[in-house]
There are 2 protein chains.
Amino acid sequence: MKINIPESNHPRVVIVGGGFGGLMLARQLAKSDLQVVLIDRNNFHQFQPLFYQVAMAGLEPSSIVFPLRKYFQKISNVFIRVTEVTAIEIENNRIQTPLGIVNYDYLVLATGAHTNFFGNAKIASKAISMKSVSEALYLRNRILEDYEKALTITDFDDRQGYIDIVIVGGGPTGVEVAGALAEMRQYILPKDYPELDSHEVDIHLIQSGDQLLKGMSKQSADKALKFLKDLNVNVILNDRVTDIEGDMVFMSHGEPIRSRKVIWAAGIIGSIIPGLPESAIARGNRVRINEYCQVEGTGNIFAIGDLAFQLTESYPDGHPQVAQVAMQMGKYLGNYFKLKSKDKTVKPFKYNDLGSMATVGRNRAVVDLPKFHFQGFFAWLVWLFIHLFQLIGVRNKVIVFFNWIWSYLTYDQSLRLIIRPFVPEKMEEEPSEAK
Amino acid sequence: MKINIPESNHPRVVIVGGGFGGLMLARQLAKSDLQVVLIDRNNFHQFQPLFYQVAMAGLEPSSIVFPLRKYFQKISNVFIRVTEVTAIEIENNRIQTPLGIVNYDYLVLATGAHTNFFGNAKIASKAISMKSVSEALYLRNRILEDYEKALTITDFDDRQGYIDIVIVGGGPTGVEVAGALAEMRQYILPKDYPELDSHEVDIHLIQSGDQLLKGMSKQSADKALKFLKDLNVNVILNDRVTDIEGDMVFMSHGEPIRSRKVIWAAGIIGSIIPGLPESAIARGNRVRINEYCQVEGTGNIFAIGDLAFQLTESYPDGHPQVAQVAMQMGKYLGNYFKLKSKDKTVKPFKYNDLGSMATVGRNRAVVDLPKFHFQGFFAWLVWLFIHLFQLIGVRNKVIVFFNWIWSYLTYDQSLRLIIRPFVPEKMEEEPSEAK
């Protein structure tokens, strides 16, 4: 059965995923001569760089996500459908979803990537990842529940399992989570949990390589390490987590660590949809695209963002899987479709690296611009304002700004809430209904 | 096993429930000579009068709840435990919780009330109640999910089931929900869902009696009815919902209504804890208390708020189950304990009725003061400011105020988010772990 979308005489572009890339593309095509169908499993766009602040009870989820329908109010050529794409039928130019079939003239895959547990199903079932605002909320609940539980435990070792935390992965997310947790331990714990000794709380950050923030400058990586050490984070380089068993976390080299919470920020893997040609799938489930973001071996299918793998001289391993690449590809592709429809020639995509950054906490951040690296208070201000500026919606900007000022001045926030999801009790279906 | 709470030489007051009554009492006893143990199943206080705005995507949950630990930071005689009380052992002066046993010198029951489905288990399993912020969030998701689903349905009758809503109960909650839904239909739906015809959306409010807002003045009840009719809410008086079957809602008298969403705001029943003497349980599972809020048939157990049933000349059916009564009882009991400890005499509790109110929407509210009733714009302003003033926390006041102004000016909000809870996948336990 076909999904209910108005037929039109204009070519239909189906965009799968409303992340940085997909949203930018849909925005470019708004009010164009194309019919745009934007499909996402959520009815909102998520601002991934601030997930960790939701998990650390610093921001509300609603402040960093934005409803897609509100974003496209008054845009009559963009149709939103909240569902998942389960398969691509290349030969029929259509995709399958639980809501029905959707035909396309052009298909753009902007599904991004999800957490990579490198095939270890046991770790996957026990570690906590942070690739959605729902997971971030789950982590917030877990951290607070474990502090509550720890209060009632008199045995030292047993209690350690609840209050100590292991963070796996020394990229921006791992570094930001470790810094935020260390600040929570320093400023919040003694006030909220005077019955717990905050000195008993250990925060471990595990990085497989020999430096943090891979891809950033040595200067920034070293400074981030120093910042974390200043905050008493136990940074372990050149080691990996191999297993989790009960409240024990086992390592390749080091001693096991007692902790019931392992936050996994160690890698991502492309979210591919069944139906693409085998030859188009590259390492890490990324999808090979040519210089026009076209999926190799297909005619009218494109891929952008974290999912896409574009081989260029400057980036022999593909582009970094960051928001900037996704947004630039989205913008590029919007332009591509518009020029193509006028039979104009299009130049290949070229990534313009604007730099990268990470924050470790109050007054502490590292910023690498293409020609200039700086760290500390000014870098932190730059980090704050660039993130604030990129948030969608005036209301979100105002609320986040207010929250940040509030937290900065009071060293405290009032979001440490364990809001457990309500799950309705299902009654046994009665025989009368089965008829 | 005893729960881990520091022993002290001071008498211990255990308060069960951190709602309006329990919180007020704990606040009165802060820094007193008593040891206070405050037990709640949540780590936060909930501001129940605004649940409906969370459900209608007008406010974030965090704006109307406040973490108990933050509230009692720096108060060294108040100990918070997040758990449920499963039984009272009167003869041993202790209570049971999943975390262990808690001894008390005085026990105060402030557990409030939960939704009353009047014994109809089928309706209980299918209707949606709104007695916690989690349920309010669930309702928000349900409303939005059903609009999304309705988009994809071409059959008129089938679609009605997803977009029409039945609200049962014409008290303040029912009236407020109906008004807010009608405004969502009027201002939001045409913008967010141009593919749906908002005129197809029906909102039914069912009230078993012959007037809305029972307990308020006739003048206010009539005006509320008029306000709702102005907003095109179908108010049905003198009827009841008897059954829900698939997408059909059956009534005592009227025709069945097609709707998959029945919001139940038709009554409450006291949240009693096993172990109290039979004779102390009154109608609606309320607990009989004497003029000092002491549970009948016990020596050192008290009950306050929605749970309590105090027979007085002015209130032969007990006090109304509203926040004001709970707060005044909490304050009274704080004073009672302080005076008792100094062997002073205590006067019986006397409720001071400050009035009641309800809002129907923008510029529309009804207010009954003891000697003066008024309705309309000014009543609406009074409603807003009294609710704002009663919220806990400066941050919450600022955020709610900002949200209200924003909504008022833009007729829109950006909280229409279907944030599904993350539920971790449980792996099959491996044999090696079972050993």
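Residues numbered from 1 in each chain as written. Chains lettered and ligands numbered in written order. Predicted model: local features only at pLDDT ≥ 70, side-chain atom pairs only at ≥ 80, totals over all residues.

Some thoughts on the overall build of chain A
In terms of helices and strands, chain A carries 13 helices and 25 strands. At 23 Å, chain A has a C-alpha radius of gyration in line with the 22 Å of a compact globule built from 435 residues. For the C-alpha atoms alone, the extent of chain A along its principal axes is close to 70 × 70 × 45 Å. Looking at chain A as a whole, 49% of its 435 residues are labelled buried. A sequence separation of at least 24 residues applies to 63% of the contacts in chain A between residues at least 6 apart. (Helix = DSSP H or I, 4+ residues; strand = E, 2+ residues; numbered from the N terminus. Rg over C-alpha atoms; globule rule 2.2 N^0.38 Å. Buried ≥ 20, exposed ≤ 12 C-beta atoms within 10 Å, placed from the backbone. Contact = placed C-beta atoms within 7 Å.)

What to know about the interface of chain A and chain B
It is common to give the size of an interface as the accessible area that goes away when the parts come together. Listed as interface residues are 51 residues of chain A and, on the opposing side, 52 residues of chain B. When residues of the side of chain A that touches chain B are traced back to their parent elements, those giving at least two are helix H3 (61-64), strand E4 (65-67), helix H4 (68-71), helix H5 (121-126), helix H6 (133-151), helix H8 (172-192) and helix H12 (394-410) of chain A. Along the lines of polarity and charge, the residues of the side of chain A that touches chain B split into 23 nonpolar, 13 polar and 15 charged. (Nonpolar A, V, L, I, M, F, W, Y, C, P; charged D, E, K, R; others polar.)

Let's talk about the sheet that holds strand E8 (residues 100-103) of chain A
Sheets are built from strands that pair by backbone hydrogen bonding, the pairs being arranged parallel or antiparallel. Residues and elements named next belong to chain A. Strand order in the open sheet formed by 3 strands is E6-E7-E8, and the pairing between neighbours is antiparallel. Looking at which strands have only one partner, the edges of the open sheet turn out to be strand E6 (87-89) and E8. This sheet shows a mean twist of 25° between the axes of neighbouring strands, independent of strand direction. The pairing of E6 with strand E7 (residues 94-97) spans 3 bridges and is classified as antiparallel. (Pairing = 2+ DSSP bridges. Axes fitted to C-alpha atoms, helices over the stretch in contact; angles between N-to-C directions.)

As for the relation of the copies chain A and chain B
Superposing chain A onto chain B takes a rotation of 180° plus a shift of 0.0 Å along the axis, which leaves an RMSD of 0.0 Å. What we have between these two chains is a two-fold relation. Among all residues of chain A, the minimum C-alpha distance to the rotation axis is found for Pro421(A), at 3.0 Å. A symmetric contact is evident, with 100% of the interface residues of chain A recurring at the interface of chain B. (Least-squares fit on C-alpha atoms with pLDDT ≥ 70 in both.)

With respect to the environment of Lys214(A)
Residues and elements named next belong to chain A. Within the secondary structure, Lys 214 sits in the loop between strand E13 (203-207) and helix H9 (218-230). C-alpha separation for the pair Lys 214 and Asn 290, spaced 76 residues apart in sequence, amounts to 26 Å. Non-local contacts of Lys 214, meaning those with residues more than four positions away in its chain, are made with Gly 171 and Gly 209.

Things to note about the packing of helix H8 (residues 172-192) of chain B against helix H9 (residues 218-230) of chain B
Residue and element names in this part refer to chain B. Here H8 crosses H9 at 25°, and the two axes come no closer than 10 Å. With respect to H9, the element H8 is oriented roughly parallel. Where H8 crosses over H9, the handedness of that crossing is left-handed. In contact with Val 175, Ala 178 and Gly 179 of H8, H9 contributes Ala 224, Phe 227 and Leu 228. Its residues placed into classes, the contact of H8 with H9 shows 5 nonpolar, 1 polar and no charged. (Parallel < 35°, antiparallel > 145°, perpendicular 65-115°, else oblique. Left-handed = near helix turned anticlockwise from the far one by under 90°.)

A word on the confidence of the model for chain A
Residues and elements named next belong to chain A. This prediction gives chain A a mean pLDDT of 94; 98% of its residues lie at or above 70. Taken as a whole, residues 429-435 scores under 50 in pLDDT and shows 2 contacts with residues more than four places along the chain or in a different chain. Across the interfaces of the predicted complex, the ipTM metric reaches 0.92, alongside a pTM of 0.94. (pLDDT = per-residue confidence, 0-100.)

Notes on H9(B)
Residue and element names in this part refer to chain B. Under the 1.5 Å per step criterion, the end-to-end length of H9 is 18 Å for 13 residues, consistent within 8% with the ideal 18 Å. Within H9, the full set of buried residues consists of Ser 220, Ala 221, Lys 223, Ala 224, Leu 225, Phe 227 and Leu 228. Where H9 is buried, its residues meet H8, strand E12 (203-207), strand E13 (234-237), strand E22 (356-361), strand E23 (364-369) and strand E24 (372-375). (Expected span 1.5 Å × (residues − 1).)

Details of the environment of Asp353(A)
Note that Asp353(A) resides in the loop between helix H10 (323-341) and strand E23 (356-361). With 28 residues separating them along the chain, Asp353(A) and Val325(A) place their C-alpha atoms 8.2 Å apart.

Let's talk about the domain arrangement of chain A
All names here are of chain A. Looking at chain A, the domain boundaries give domain 1 (12-115 + 269-341) and domain 2 (121-266). Centre-to-centre, using C-alpha coordinates, domain 1 lies 32 Å away from domain 2. If you look at the interface, domain 1 gives 14 residues, while domain 2 gives 17 residues. Secondary-structure elements contributing two or more residues to the side of domain 1 that touches domain 2 are helix H2 (51-55) and strand E10 (113-115). A per-element tally of the side of domain 1 that touches domain 2 places H2 first, with 5 residues. Here the side of domain 1 that touches domain 2 is built from residues that sort into 9 nonpolar, 5 polar and no charged. (Domains from an automatic or database assignment.)

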